[in-house]
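# Fold and contact review
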Amino acid sequence: MRADPDPPPPVETPGPVNPARLVDPALLGDPALLGDPAGLVDPAGLVDQRLVRQLAEAAAAQVGAGSVQLLGDGGLLQALAKQLIERALELEFQEHLRGPGTNNPTGAAGGSGGPAGHRGRNGPNGARARRLLTEIGPVEVRVPRDREGSFAPRTVRPRARRLPGLDRLVVSLTARGLSSSELVAHLAEVYGVEISRETVSVITDQVLDELDDRRGRPLDPVYPVVFVDSVRSGRSGGPLVHLALGISTDGLREVLGLWPAADGEQWPQVLAGLAERGVREVWVLVGAAGAGLAEAAAARWPRTVVHTSVAHLLHAALRHAPGEDWGGLAQVLHEICTAPTEAAALERLGRAEREWGPGHREVFRVWRAAWPLLAPGFRFGPEARRLLAGGGALERLHARLRRIEQAAGRVRDERAALKRVYLATLALESSAGVRRPWTGDWPAVRAELRRGSRR
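Here's a quick rundown of the structure. What you see is a predicted model, and the numbers here were worked out from it, not measured in a lab. Along each chain, residue indices are assigned from 1 in the same order as the chain's sequence is written. For a predicted model such as this one, the threshold for reporting local features is a pLDDT of at least 70, and the threshold for listing and counting side-chain atom pairs is 80 or more; totals across whole chains, interfaces and linings nevertheless cover every residue. To obtain the side-chain values, all non-hydrogen atoms of the structure were included, while hydrogens and water were left out.

### Things to note about the pairing of strand E7 (residues 305–308)
- Burial along E7 is two-sided: Val305 and His307 and Val306 and Thr308, pointing in opposite directions, are all buried.
- By the bridge criterion, four bridges tie strand E6 (residues 281–287) to E7 in an arrangement that is parallel. Residue pairing across strands places Gly287 opposite Thr308, the latter belonging to E7. Exposure categories follow from relative accessible area, calculated using a 1.4 Å probe and restricted to protein chains: below 20% of the type maximum is buried, above 50% is exposed, and the middle band is partly exposed. Working definition: helices are DSSP H or I runs of at least four residues, strands are E runs of at least two. Numbering for both runs from the N terminus. One bridge is not enough; two strands pair if DSSP finds at least two bridges between them.

### Re the environment of Pro124
- As for its position among the elements, Pro124 is in strand E1 (residues 124–134).
- Its relative accessible area of 37% is what places Pro124 among the partly exposed residues.
- Along the primary structure Pro124 and Glu148 are separated by 24 residues, whereas in three dimensions their C-alpha atoms are 9.3 Å apart.

### Some points on the pattern of salt bridges
- What makes a salt bridge here is a side-chain nitrogen of Lys or Arg within 4 Å of a carboxyl oxygen of Asp or Glu, nothing more. Going through the model one piece at a time under the given rule, you end up with 10 salt bridges.
- Here Asp212 and Arg215 are joined by a salt bridge, their closest N and O atoms 3.0 Å apart. Of this pair, Asp212 and Arg215 both sit in helix H7 (residues 197–216), three residues apart, roughly one helical turn.
- Note that Arg217 and Glu254 form a salt bridge whose closest N and O atoms lie 3.0 Å from each other. In this pair, Arg217 is assigned in the loop between H7 and strand E3 (222–232) and Glu254 in strand E5 (residues 253–260), connecting sequence segments 37 residues apart.
- The exposure class of Arg217 is partly exposed, given its relative accessible area of 24%.
- Note on Glu254: relative accessible area 15%, which makes it buried.

### Examining the packing of helix H10 (residues 310–318) against helix H11 (residues 326–337)
- Throughout, an axis means a line fitted to C-alpha atoms (over the contacting stretch in the case of helices), and angles, computed between N-to-C directions, take values from 0 to 180 degrees. Packing of H10 against H11 brings their axes to within 11 Å, and their N-to-C directions diverge by 140 degrees. In terms of orientation, H10 lies oblique with respect to H11. Seen from above, H10 lies across H11 with right-handed handedness. Of H11, the residues touching H10 (which contributes Val310, Leu314, Ala317 and Leu318) are Trp326, Leu329, Ala330, Leu333 and Cys337.
- When residues are sorted by character, Ala, Val, Leu, Ile, Met, Phe, Trp, Tyr, Cys and Pro go into the nonpolar class, Asp, Glu, Lys and Arg into the charged class, and all the rest, Gly among them, into the polar class. For the contact of H10 with H11, a count of residues per class yields nine nonpolar, no polar and no charged. Roughly parallel means an angle under 35 degrees; roughly antiparallel means over 145; roughly perpendicular covers 65 to 115; every other angle is labelled oblique. Take the far helix as the reference: if the near one is turned anticlockwise from it by less than a right angle, the crossing is left-handed, and if turned clockwise, right-handed. Contacts are assigned to residue pairs with any non-hydrogen atoms lying within 4.5 Å of each other.

Listed below in structure tokens is the structure:
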């Protein structure tokens, strides 16, 4: 009788892996890897290539098999963050115990007394567990304590429960249109971080302090172009907010300030605020027609050319036409704006009035009423006029505010409106990535703007 064959060996499947064991503590023990805790350190200098190779080799197979996750509770980056934070705390603690007036350079218990008094007896006194919320998930760390209770680490501030990276993540996601409920759910699902909607509000309220600081900082003495606009926090109304967006002499976009507009148009106060912060010269000021802007600019900077916002003018005109005509009228008005000269533009305007007939009289009346502030644009070439059209960034800002309102609802008070508009401008700035001049040939456009503003 034939014997049964031996059963095949069992297939080994990767089991749960402790992420902390993928990191060699020896690589984290060198103070040179962490830099001077008291100074500013380039984050790239914190990464040792041996550590990178060890992590990659040890975790590649497990990550591919799904037994190690990178983010969230139990993730590889969470374990790495724990060891880095605790090692940084340890270095700070050793430095604290070696501080001036201490007779205990090693941090051991006891001491010889002497002139330092009781400080010579300072030493370790255990550690306190703390759960930190970070942008890669919650991290459990142990914060060392000393006998005097005087250790106040900079790595983890006293009583801090969140690291700054999480606050920046919350602000960024809110600026991109996530409501508080969506953000809370996203953080819990992806990062394993549980925070409340109230905490989200507290975090995003911090940007108002940043806005106050930004609103008071000095500005450049010269801006070739400044756009001013009154924006609402959404389509359905809410408090008005004044916005000033400048183009610097280097061609870079810069939010100069945001102001509440509870009492209606306040352009004299807005322009006075810019002047008080150091703005001595604006070559071209772009804003909505008929808002008292030209008079305010003439009183502040007499040589400034005031140009109406073509985007606002287009919207104001199309309100007097049925929706099915918007596309054709927008094309006609675009052709008027891109005419080579003012005379050619007026000829195109007259021809369009005749072609569209009396039924669209109000559309063209709006354009003729704004013509004194539209005509200065014909001093400049096509690239400069494209910049002065005022669409671009401001249109994207309005669109982003509409998306935020759809997700988060309407705001009703001035403080909330300021916060929402400022968050939208932060997203607008960060979406540009590497800061580049507004137009491709900025030096030529800048020279053209300067010549045109001197005519």
